[in-house]
Amino acid sequence: MVGRITIAMDAMSGDGGCEPAVDAARAAVARNKALSIILVGNRSILEAFLGSGHPRIEIEEATQVVTMDERPSSALRHKRSSSMAVAISLVRDGRAHACVSAGNTGALMAFGLSQLHTHPGIERPAIIKRIPSLRSACYVLDLGANVDASAEHLFQFAVMGTLMAQAIDQRQRPRVALLNVGKESVKGTEQVRLASHMLAGTDAINYVGYIEGNEIFEGAADVVVCDGFVGNVALKTGEGVAKLLIDLIRKSFRGSWYGRFIGLLAAPLVRPLLRQMDPARRNGASLIGLQGVVVKSHGNADATAFEAAVEQATAEVEQRIPERIGEELDKVDF
């Protein structure tokens, strides 16, 4: 069991500056008495937003910021004192249990690789997220860390996704599928077809074949594997549709006196549904494969969304996800 948990928050790299991170830190420590936060960034700016402070929130100075359009290789060479790099180093050095950042995804992966390293047998980390579906939920990876991926990488993603589903949801034989443009064996890129052949040839993975994009939300698989380009587009499209539906439902209840009356009657049913659909409440995706917890928040996350990412990181620390994945990987024959 983990006692007190400390989260290092990269407070400078998001689109909205440090204010969402500071507000999320306040809310997170108020909600969880066992949680401490280290805000990483420009001390004078963070102190101005933090005000009188909090006994479980401290500030770690960082003099640089990684921009959203910066090349990961450039950030790795020239931004060692950035809020992102320093936040990850706190995990490496044992001062924090996890890092949360809303910054540049490629740079976050580069710093994570250089400072935390991957588990033996894993070449690249992948971004994984638990997506709601009609049956329960499924894990989708990669969601943007690797724009292109070889068949071997896709196979490794399938192994890590399987272990995540087993660790978090206690699913004994999670169903694994490859996201493709059709179910026929001739469909897809060469890498996807080769990965399918590799997955079908191992007993370690409960491989069920190809699925198409709509089947993610139908619960056709427990783990859905794809490269980061496809996965990121699928994720952002799904979130956009969810926001559209939320907006349309709200507008329908505000458009007339009759709509407002129906909305008032339906509120006990509609409010929980809207909360369940709200992407901000599900913000936070993990860089799985690293020997430490790193959670990626959306760049435009507000305080509520940033807090959700902190909760995701806290849950992974409590459940010892990197350690458990490492233990299970030792048993897998690559």
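Details of the structure are given in the entry above.
All values reported here derive from a predicted model rather than from experimental measurement.

**Overview of the environment of Ala-110**
Now for step 1: Considering the arrangement of structural elements, one finds Ala-110 in helix H5 (residues 105-115).
Now for step 2: The class of Ala-110 is buried, set by a relative accessible area of 14%.
Now for step 3: Linking Ala-110 and Ala-145, residues 35 residues apart in sequence, is a C-alpha distance of 9.5 Å.
Now for step 4: Ignoring any residue separated from it by four or fewer positions in sequence, one finds Ala-110 in contact with Pro-72 and Leu-76.

**Things to note about the sheet that holds strand E7 (residues 175-179)**
Now for step 1: Pairing in this open sheet of 11 strands is mixed, and the strands run E3-E2-E1-E4-E11-E10-E5-E6-E9-E7-E8 from one edge to the other. Only two strands of the sheet have a single partner each, and these edge strands are strand E3 (57-61) and strand E8 (206-211). Each adjacent strand pair in this sheet contributes to an overall mean axis angle of 30 degrees, direction not counted.
Now for step 2: Here strand E1 (residues 5-10) pairs with strand E2 (residues 35-41) via 6 bridges, running parallel. Bridge pairing in E2 links Thr-6 to Ser-36.
Now for step 3: Across the face of the sheet, H5 comes into contact with strand E4 (98-101), strand E5 (126-132), strand E10 (285-288) and strand E11 (293-296) while running at roughly 175 degrees to E11.

Rules and cut-offs
Residues numbered from 1 in each chain as written. Predicted model: local features only at pLDDT ≥ 70, side-chain atom pairs only at ≥ 80, totals over all residues. Heavy atoms only, no water. Helix = DSSP H or I, 4+ residues; strand = E, 2+ residues; numbered from the N terminus. Buried < 20%, exposed > 50% of the residue type's maximum accessible area, 1.4 Å probe, protein only. Contact = heavy atoms within 4.5 Å. Pairing = 2+ DSSP bridges. Axes fitted to C-alpha atoms, helices over the stretch in contact; angles between N-to-C directions.

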